[in-house]
Amino acid sequence: ENSAKQAVLEGSGMPKPPSLASAAETQYVPPTEALLQGARVNNPVRTVLELRPRAAVTLEGSVSVADAAKRMAAANADAALVLGDEDRVAGIFTDRDLASRVLGAGLDPRRTKISAIMTENPRCVMDDEPALTAVMLMVDGRFRHLPVVDSTESVVGLLDVAKCLHDAISHLELRNLAGGQRTAGELLRATAPPDSTVLADATVVAAAKQAASRKGGAALVVRSEGGGAPRVGGIVTPKDFLNRVVAVGLAAARTRVGDIMTPSPACIKESATLLHALHLLQGSGFRNLPVVSEAGEPLGVLDVLAVVEGALEAASSTDAPPTPARRPLAHSAVGDYAPASEAFTPFGSPLAPGFFLFKVVVVREGRERLLLRRDGGGSCRPT
């Protein structure tokens, strides 16, 4: 049968099928994984620039934390870039750094320089990279902000993880991944966060120290009326510390949490799916979601990155099909050759569950050949 097909191909003037040895050097990578690897495919792909990263607040390392907080609050920003030589990105400073590394450590914002507490040499993303590349970088590195630069390494803007919610939601919905059906309660129990509640009468310093133990996360302010079951009375976040305390010059040691919290925040029940949580985060602009029991008792708080990461990790672990069995080389008269004599290798990326590497050579009308190979560094490039 193969000989007959070979004769048809030779008679049509089409190229001969590649040998198994030569085809083994070539691999086809499905579009999602190719996208994540930075390869350019024929389908239109949203770039990081199309996510519209906001103009970055830029600082010098010699600026005090208090002055930086004022500039960030004026721009309604929760992160700023610190520029070094030739205006290249030297560091990043966020509201979580303020909570855990300054207030939580007992430092004076007026006397502490940004250079002493910033994160140096942060990871950056190119403005022409696919949007899902930014999602992957944020999830893998647990970044909530990602500096965006152009080909000359000049700053284009600062990307917030919330800007990537559309792409994360689309990934889950288009493929109907089970990761989106994981519940908020399941994620909260799996991540086992430390106690994320604080009393309204606690000082900002005490709340910041507690936040430092959670690596700068938000806390729920719990109230209990008439000796009844506890309820969520408010939420206090690192951005509240930045905007409502340091930026306006309040003394953190004498300011009560109840005076700066956001009262009566929107909550989700523990039975809510992570896909529902992502939609809520996208539509509201929230960065943190209080989670309550079916009876309304506070359980904890999930931030936007935890929800994205939890949904995609669940999708990766539950939705990948079993590895296909080995099968022999097969090709047809139309010139599609798919040698797969070796077992298929699943991708490891949490953003590409269910996709598999396999070897393929495509010949179109005897003229066009599309080859994608995976090199030793794991990148995908057209050849």
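This is a predicted model, so every value here is computed, not measured.

(A) Local environment of the overall build of the protein chain. Regarding its fold elements, the protein chain presents 14 helices and 21 strands. Residues counted as buried form 47% of the 383 residues belonging to the protein chain. Here the analysis covers contacts within the protein chain between residues at least 6 apart in sequence; of these, 64% occur between residues at least 24 apart.

(B) Spatial organisation of the sheet that holds strand 13 (residues 288-292). If you walk across this open sheet you meet the three strands as 12-13-14, and the pairing is mixed. Of all strands in the sheet, those bounded by a partner on one side alone are strand 12 (268-269) and strand 14 (298-303). In this sheet, strand 14 lies alongside strand 13 in antiparallel orientation, the contact comprising five bridges. Opposite Pro 290, over in strand 14, you have Val 301 as the bridge partner. The sheet contacts of helix 9 (residues 184-191) involve strand 12, strand 13 and strand 14, and relative to strand 14 the element is tilted by about 85 degrees. Along the sheet face, helix 13 (residues 274-284) touches strand 12 and strand 13 and points at about 135 degrees away from the line of strand 13.

(C) Representation of the nonpolar core. Core analysis: the biggest nonpolar cluster contains 39 residues, and Leu 159 and Leu 278 have the highest contact counts within it. Those elements that place two or more of their residues in this core are helix 7 (131-141), strand 6 (145-149), helix 8 (165-174), helix 9, helix 13, strand 13 and helix 14 (304-319). If sequence neighbours within four positions are ignored, Leu 278 has contacts with Leu 165, Ile 169, Leu 172, Val 307, Val 308 and Ala 311. Judged by nonpolar contacts, the second largest core, of 36 residues, contains Ala 80, Ala 207, Phe 241 and Val 257.

(D) Local environment of the pattern of salt bridges. In this structure the tally under the stated criterion is 13 salt bridges. The salt bridge involving Arg 88 is made with Glu 153; its shortest N-O contact spans 3.2 Å. Taken together, the positions of Arg 88 in the loop between strand 2 (79-83) and strand 3 (89-94) and Glu 153 in the loop between strand 6 and strand 7 (155-160) put the pair 65 residues apart, joining distant regions of the chain. Notably, a salt bridge pairs Asp 108 with Arg 110, separated by 3.3 Å at the nearest N-O pair. Residue classification places Arg 110 among the exposed residues on the basis of a relative accessible area of 61%. Here the salt bridges share partners, and the residues they tie into one network are Glu 86, Arg 88 and Glu 153.

(E) Structural view of helix 11 (residues 238-246). Turning to helix 11, its buried residues number three or more, namely Pro 238, Asp 240, Phe 241, Leu 242, Val 245 and Val 246. Where helix 11 is buried, its residues meet helix 4 (65-74), helix 5 (95-103), helix 10 (204-213), strand 10 (231-236), helix 12 (257-260) and strand 11 (262-263).

(F) View of the packing of helix 5 against helix 11. The geometry of helix 5 relative to helix 11 is characterised by a closest axis approach of 7 Å and an angle of 75 degrees between their N-to-C directions. Overall, the two elements helix 5 and helix 11 adopt an arrangement that is roughly perpendicular. Here Asp 95, Arg 96, Leu 98, Ala 99 and Leu 103 of helix 5 come into contact with helix 11, specifically with Pro 238, Lys 239, Phe 241, Leu 242 and Val 246. Split into classes, the residues belonging to the contact of helix 5 with helix 11 amount to seven nonpolar, no polar and three charged.

(G) Broad picture of the packing of helix 5 against helix 10. Where helix 5 meets helix 10, the axes come as close as 8 Å, and the angle between the chain directions of the two elements is 105 degrees. Relative to helix 10, the element helix 5 lies roughly perpendicular. Residue-level inspection shows Ala 99, Ser 100 and Leu 103 of helix 5 in contact with helix 10, the latter providing Val 204, Val 205, Ala 208 and Ala 212. Grouping the constituent residues of the contact of helix 5 with helix 10 by class yields six nonpolar, one polar and no charged.

(H) Spatial organisation of the pairing of strand 14. Counting buried residues along strand 14, five of its six residues qualify, which places the element largely inside the surrounding structure. The turn joining strand 13 and strand 14, which pair antiparallel and follow one another in sequence, is formed by five residues; a positive phi near 95 degrees is taken by Gly 296.

(I) Broad picture of the environment of Asp 240. Position of Asp 240 relative to the elements: it lies in helix 11. Residue Asp 240 is classed as buried on the basis of its relative accessible area of 7%. Between the alpha carbons of Asp 240 and Met 261 there is a distance of 7.0 Å; along the sequence they are 21 residues apart. With residues up to four places along the chain from it excluded, the contact list for Asp 240 reads Ile 235, Val 245, Ile 260 and Thr 262.

Conventions and cut-offs
Residues numbered from 1 in each chain as written. Predicted model: local features only at pLDDT ≥ 70, side-chain atom pairs only at ≥ 80, totals over all residues. Heavy atoms only, no water. Helix = DSSP H or I, 4+ residues; strand = E, 2+ residues; numbered from the N terminus. Buried < 20%, exposed > 50% of the residue type's maximum accessible area, 1.4 Å probe, protein only. Contact = heavy atoms within 4.5 Å. Pairing = 2+ DSSP bridges. Axes fitted to C-alpha atoms, helices over the stretch in contact; angles between N-to-C directions. Core = buried A, V, L, I, M, F, W, Y, C linked by side-chain atoms within 4.5 Å. Salt bridge = Lys/Arg side-chain N within 4 Å of Asp/Glu carboxyl O. Parallel < 35°, antiparallel > 145°, perpendicular 65-115°, else oblique. Nonpolar A, V, L, I, M, F, W, Y, C, P; charged D, E, K, R; others polar.

In short, the description is geometric, and any link to function would need to be established separately.
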